[in-house]
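Here's the letter readout for the chains.
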Amino acid sequence: MNPRHFISLLDLSGDEFRSLISRAIALKNNRDPDYQPLKGQVLAMIFEKSSTRTRISFEAGMSHFGGSALFLSPRDTQLGRGEPLQDSAKVISSMVDCIMLRTDKHETVTTFAQYSSVPVINGLTDLQHPCQLLADMQTYFEHRGDIKGKTVTWIGDGNNMCHSYIHAAMVLGFTLNIACPKNYQPLASIVDAAGERVRFFDTPLEAAQNSDLVVTDVWASMGQEEEQKQRELAFKDYQVNAEIMKAAHSDALFMHCLPAHRGEEVSAEVIDGSQSVIFDEAENRLHAQKALLEFLLCNKPR
Ligand code: CP
Ligand code: NVA
């Protein structure tokens, strides 16, 4: 039987997403050191790109659950010397219980999933970052309750985070207002599938009107460092600042997956201000992914 993977938020139903959030909140609020459902189990983590939050949250989460995590970089494995993905997926999955990958190309993760005999988790690709959305949505639910019917605003790059926000809007039933510069729009194939869940605006100010949550991300993602200067020009009118937050509802939250660049995509006043929940969001990576690991490996979401 094919294992259950977590490659995209579209792999979850709305009920499953909500039950993961409830479970993450329960795990956060009642940590029981004797609860070790993954005792003796191993998570392999393959990182082609840097990470602070994703690595630490998965490693700590496995440890809390009585298991362990292996950090593997292509530099130190045969993957970096061109061993085929199919062979690597078959070999690694024969020795561990779950595999998490952070890769440049999304297809690397989907190929791994195709050949892996254990669950594969997408820990970020050029296309999507679904684990971050588990944490973001947990954070919204904790602060404001269910997000169904609410309005979320995405400002900035139509990147992997934006794509996963579009997917979350589809699965959880909120409206996503998007303001991105002309040449930095999210992929049409992802947008088209979302139908009326997404709306596009010419300016960040218009997109933020009556919003319940404002979200942004860096202007240059990992791997785009050499485009930094050109992107600074393209995105200069796309900063989330006090004026933008004022257009949103007075109780709107601000989120950012981190790492952030104060003074670029967000002003210091907003990211360090009272509407910002970035550190809850970061901490919730741990709790949300513990719920995910339990869901995939124990098959008993509660
Ligand atoms: N938000 C996020 O995925 O952070 P890291 O790159 O530090 O893992
Ligand atoms: N869009 C960013 C997210 C980092 C967590 C990147 O891909 O670098």
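Our structure is the block above this text.
About the cut-offs
- Residues numbered from 1 in each chain as written.
- Chains lettered and ligands numbered in written order.
- Predicted model: local features only at pLDDT ≥ 70, side-chain atom pairs only at ≥ 80, totals over all residues.
- Heavy atoms only, no water.
- Helix = DSSP H or I, 4+ residues; strand = E, 2+ residues; numbered from the N terminus.
- Contact = heavy atoms within 4.5 Å.
- Buried < 20%, exposed > 50% of the residue type's maximum accessible area, 1.4 Å probe, protein only.
- Pairing = 2+ DSSP bridges.
- Expected span 1.5 Å × (residues − 1).
- Polar contact = N/O pair within 3.5 Å; in protein donor to acceptor, adjacent residues only side chain to side chain.
- Near = heavy atom within 4 Å.
- Areas by Shrake-Rupley, 256 points an atom, 1.4 Å probe, with all protein chains shown as cover.
- Core = buried A, V, L, I, M, F, W, Y, C linked by side-chain atoms within 4.5 Å.
- Nonpolar A, V, L, I, M, F, W, Y, C, P; charged D, E, K, R; others polar.
- Axes fitted to C-alpha atoms, helices over the stretch in contact; angles between N-to-C directions.

Trainee: Mind laying out the side chain of Ser 57, listing which residues take part and the relevant values?
Mentor: With respect to the helices and strands, the residue Ser 57 is situated in helix α2 (residues 53-64). Residues within four places of Ser 57 in sequence aside, it is in contact with Arg 285, Leu 286 and Gln 289.

Trainee: Break down the pairing of strand β9 (residues 253-256) for me, with residues and values.
Mentor: Taking every second residue as pointing to the same face, both faces of β9 are buried, with Leu 253 and Met 255 on one and Phe 254 and His 256 on the other. Sheet analysis places strand β8 (residues 213-216) next to β9, joined by four bridges and oriented parallel. Residue pairing across strands places Leu 213 opposite Leu 253, the latter belonging to β9.

Trainee: Quick one: what's the story with helix α6 (residues 160-172), residue by residue and with numbers?
Mentor: Between its first and last C-alpha atoms α6 spans 18 Å; for 13 residues at 1.5 Å apiece the expected length is 18 Å, and the two agree. Taken as a whole, α6 has its buried residues at Asn 160, Met 161, Cys 162, His 163, Ser 164, Tyr 165, Ile 166, His 167, Ala 168, Ala 169, Val 171 and Leu 172. Where α6 begins, the capping side chain belongs to Asn 159, and its oxygen is found 3.1 Å from the backbone nitrogen of Met 161. Positive phi appears at Gly 173, one or two residues downstream of α6, with a value of about 80°.

Trainee: Describe the site of ligand 2, and please don't skip the residues or the numbers.
Mentor: Neighbouring ligand 2 are Leu 124, His 129, Asn 159, Asn 160, Asp 217, Ser 221, Met 222, Cys 257 and Leu 258. Asn 160 places a polar side-chain atom, nitrogen or oxygen, 2.9 Å from an oxygen atom of ligand 2. Measuring from a nitrogen atom of ligand 2, one finds a side-chain N or O atom of Asp 217 at 2.6 Å. Alone, ligand 2 offers 270 Å² of accessible surface; in the complex the protein occludes 94% of this.

Trainee: Before we move on, could you go through the nonpolar core and cite the residues and values that matter?
Mentor: Formed by 59 residues in total, the largest nonpolar core has its most connected members in Phe 17, Ile 121, Met 137, Tyr 165, Phe 174, Leu 176 and Leu 213. The dominant element in this core, judged by the number of residues it contributes, is α6, at eight residues. If you look at the next biggest cluster of nonpolar residues, it comprises 22 residues, including Ala 179, Ala 207, Phe 254 and Ile 271.

Trainee: Explain the site of ligand 1 residue by residue, including any values.
Mentor: Every residue near ligand 1 is listed here: Ser 51, Thr 52, Arg 53, Thr 54, Arg 102, His 129, Gln 132, Cys 257, Leu 258 and Arg 285. A distance of 2.7 Å is found between an oxygen atom of ligand 1 and a side-chain nitrogen or oxygen belonging to Thr 54. Measuring from a nitrogen atom of ligand 1, one finds a side-chain N or O atom of Gln 132 at 2.9 Å. Protein chains bury 95% of the 250 Å² of accessible surface belonging to ligand 1 in isolation. Split by residue class, the shell around ligand 1 holds two nonpolar, five polar and three charged.

Trainee: Describe in detail the sheet that holds β8, supporting the description with residues and values.
Mentor: Strand order in the open sheet made by the five strands is β7-β6-β5-β8-β9, with parallel pairing throughout. The open sheet has two free edges, formed respectively by β7 (198-200) and β9, since each of these has just one partner strand. The sheet shows a mean angle of 25° between the axes of neighbouring strands, direction not considered. Summarising the sheet, strand β5 (residues 151-155) and strand β6 (residues 175-179) pair through five bridges and their orientation is parallel. Bridge assignment links Trp 154 to a residue of β6, and that residue is Ile 178. In the packing of helix α5 (residues 130-144) onto the sheet, the strands contacted are β8 and β9, and the crossing angle to β9 comes to about 160°.

Trainee: Which residues make up the environment of Thr 111, and what values go with them?
Mentor: If you trace the backbone, Thr 111 turns up in helix α4 (residues 106-115). In the structure, Thr 111 is positioned 187 residues away from Cys 298 in sequence and 24 Å away in space, judged by C-alpha atoms. Leave out the neighbours within four places in its chain, and Thr 111 touches Leu 85 and Gln 86. Polar contacts involving the side chain of Thr 111 include one to the main-chain carbonyl oxygen of Glu 107, which spans 2.7 Å.

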